[in-house]
Amino acid sequence: MQALKPSVKIAVIGAGAMGSGIAQVAAQAGHSVYLQDQQAGAAEKGKAGVAKVLQKRVDSGKMQQTDLDALLGRIQPIDNVEELADAGLVIEAIIENLDIKRQLFAKLESVCGENVILATNTSSISVTSLGAQLKRPERLLGMHFFNPAPLMALVEVILGLATDKKLAEVVHATAAAWGKKPVFATSTPGFIVNRVARPFYAESLRLMQEQAAEPATLDALLRDAGNFRMGPFELMDLIGHDVNYAVTESVFSAYYGDFRFQPSLIQKALVEAGRLGRKTGQGFYSYAEGAERPSPVVATTQTFTEQPVIIEGELGAASGLAERFKQAGLNIIERAGAGVIRFGEATLALTDGRMASERVVSDGLQDLVVFDLAKDYQQASRLAIAAAKQTSAAAVNDATALLQKAGLAVSLLSDSPGLVVMRTLAMLTNEAADAVLQGVASAADVDLAMCAGVNYPQGPLSWSDSLGQGVIWQVLTNLQASYGEDRYRPSLLLRRNAFNGQSFSA
């Protein structure tokens, strides 16, 4: 399907940061753009904001002044919706209120031509519900940009129940022509990103609540072992706890109280206390002038004793750790076994979603130390471990010394199922798999959305595939058994794939 031609006029309603950013994107693509806001002077202010940001690019030599002048000449601030009659695509970016949006779209139907495409930038309101009272609901869809719109690549193209699929394809092609990475999604709570991303925050909040580790340590592990750009606590502080908590509550309520989306009492307390993050100067961290960020907990350096590292069997998803040992010049002995590493008194094994204490009893692994998943064991700078209560102090020291010798900062957590990166990935994958199972989006679009929308190091579904058949399903099965909670129930699609040998990338 072809994109809208640059000759088609675009209207953006709402001249705040998001609306003016969308106007900039459309103008950069060569469209004439109407920028309208009901507040007097807001549209002019929005255009001035675009000019200010882009002037910095001109001043730094990254943009020509003539190009900026031409772009700004294509943005026309207007006062009244009635002036939008000749717009071919109208994108609404106003307050998140169902009734107000419905009134606006009803007005637009009476003002604009019958062939106009109406789009909402809503992040949480049902497109189906927005279109239910329109005369032509098939011409309404979601066009969900991410903030800041000029910089963030993702656009979720949302189909309501009545949306004309051909129009959605036109908008998808148009977003691509504007330099974005569009994905299709059906109008379900949270769409793709705001649904699939919930566990990124929820699992670390749960680990904190269980006193497995403090925020600084959990953030560092997800950055330095998981390759996420930011840890969940610093990201929640950046977003604002009022916003992040409200989204979680909205998704939780929309899914009829499904405990997979249950909000955290810890975050609720921060909201009640007015500790909303950076914008108030205090969240999980203090942003007061001169305040020092807490350091992640790192095990003290242990004395390394030269002795063989024995690798028994295939390490699977942790095979990169064996390569790291070899690159460190350690003496490696490989022999048959159950996929564990033995060094000194310690037996090391990749977490499978069970507590180390349980595996000592169930698998007969003495002096067991479990270690976390890393996105790339050869590049990671930090790794979490946990020891069974039955594990000796000497074994913990040997495990720590081995990992430190390989250049890893080691954080010892309490004996928690799934640790940090593995547990987070498992739950992200679970939500992504259910989104695919329920027809919200394709596996490829889910992965693209999470990479382009929230900068994940890899789409959760393709990352899951890379670990091996059924690994994430087994981790989730063990997590559910450990907690006895529906929160950790594995997606039927993950179970199906585990038994039929199919991958998400197939």
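Remember, predicted model here, so these are calculated numbers, not experimental data.

What counts, and where the lines are drawn
Residues numbered from 1 in each chain as written. Predicted model: local features only at pLDDT ≥ 70, side-chain atom pairs only at ≥ 80, totals over all residues. Heavy atoms only, no water. Axes fitted to C-alpha atoms, helices over the stretch in contact; angles between N-to-C directions. Helix = DSSP H or I, 4+ residues; strand = E, 2+ residues; numbered from the N terminus. Parallel < 35°, antiparallel > 145°, perpendicular 65-115°, else oblique. Contact = heavy atoms within 4.5 Å. Nonpolar A, V, L, I, M, F, W, Y, C, P; charged D, E, K, R; others polar. Pairing = 2+ DSSP bridges. Buried < 20%, exposed > 50% of the residue type's maximum accessible area, 1.4 Å probe, protein only. Polar contact = N/O pair within 3.5 Å; in protein donor to acceptor, adjacent residues only side chain to side chain. Phe/Tyr/Trp six-rings, centres within 6.5 Å; stacked < 30°, edge-to-face > 60°. Lys NZ or Arg CZ within 6 Å of the ring centre and 35° of its normal. Salt bridge = Lys/Arg side-chain N within 4 Å of Asp/Glu carboxyl O.

J.: Go over the packing of helix α16 (residues 421-437) against helix α19 (residues 471-483) with me, naming the residues and quoting the values.
T.: Packed helix pairs are specified by the crossing angle of their axes together with the interaxial distance, meaning the distance between the axes. For the pair α16 and α19, the least separation of the axes is 10 Å and the interaxial angle reads 105°. Taken as axis vectors, α16 and α19 run roughly perpendicular relative to one another. Contact with α16, carried on its side by Met422, Arg423, Leu425, Ala426, Met427, Thr429 and Asn430, involves Ile472, Val475, Leu476, Leu479 and Tyr483 of α19 and no other residues of that element. Tallied by class, residues from the contact of α16 with α19 come to nine nonpolar, two polar and one charged.

J.: Could you give an account of the sheet that holds strand β2 (residues 33-36), naming the residues involved and the relevant values?
T.: The eight strands lie next to each other as β3-β2-β1-β4-β5-β6-β7-β8, forming an open sheet whose pairing is mixed. In this open sheet, the two edge strands, each paired with only one partner strand, are β3 (75-78) and β8 (181-186). Here the average twist between neighbouring strands, direction ignored, is 25°. Pairing between strand β1 (residues 10-13) and β2: four bridges, direction parallel.

J.: Explain the environment of His31 to me, and be specific about the residues and the numbers.
T.: Summarising the element assignment, His31 is placed in the loop between α1 (17-28) and β2. Judged by relative accessible area, which is 1%, His31 ranks as buried. Along the sequence, His31 and Ile75 sit 44 residues apart, while their C-alpha atoms lie 8.6 Å from each other. Among all residues touching His31, those that are not within four sequence positions of it are Leu4, Lys5, Pro6, Val8, Ile10, Ala26, Arg74 and Trp178. At a separation of 3.1 Å, a polar atom in the side chain of His31 contacts the side chain of Trp178.

J.: Quick one: what's the story with the packing of aromatic side chains, residue by residue and with numbers?
T.: Scanning the model with the defined rule gives twelve aromatic pairs in all. With a centroid separation of 5.0 Å and 20° between ring planes, the pair formed by Tyr255 and Phe261 is classed as stacked. The two residues Tyr255 and Phe261 agree in class, both being buried. Of the aromatic side chains, those joined through ring pairs into one cluster are Phe200, Tyr201, Phe228, Tyr456 and Trp463. Positioned over the ring face of Trp463 is Lys375, at 5.5 Å from the centre of the ring.

J.: So, the pattern of salt bridges: which residues are in play, and what are the values?
T.: Inspection of every chain in the model, using the stated rule, returns 26 salt bridges. With a shortest N-O distance of 2.8 Å, Glu203 and Arg423 are connected by a salt bridge. Note that Glu203 is positioned in helix α8 (residues 198-209) and Arg423 in helix α16, a separation of 220 residues in sequence. Residue classification places Glu203 among the buried residues on the basis of a relative accessible area of 1%. Overall, the relative accessible area of 0% leaves Arg423 in the buried class.

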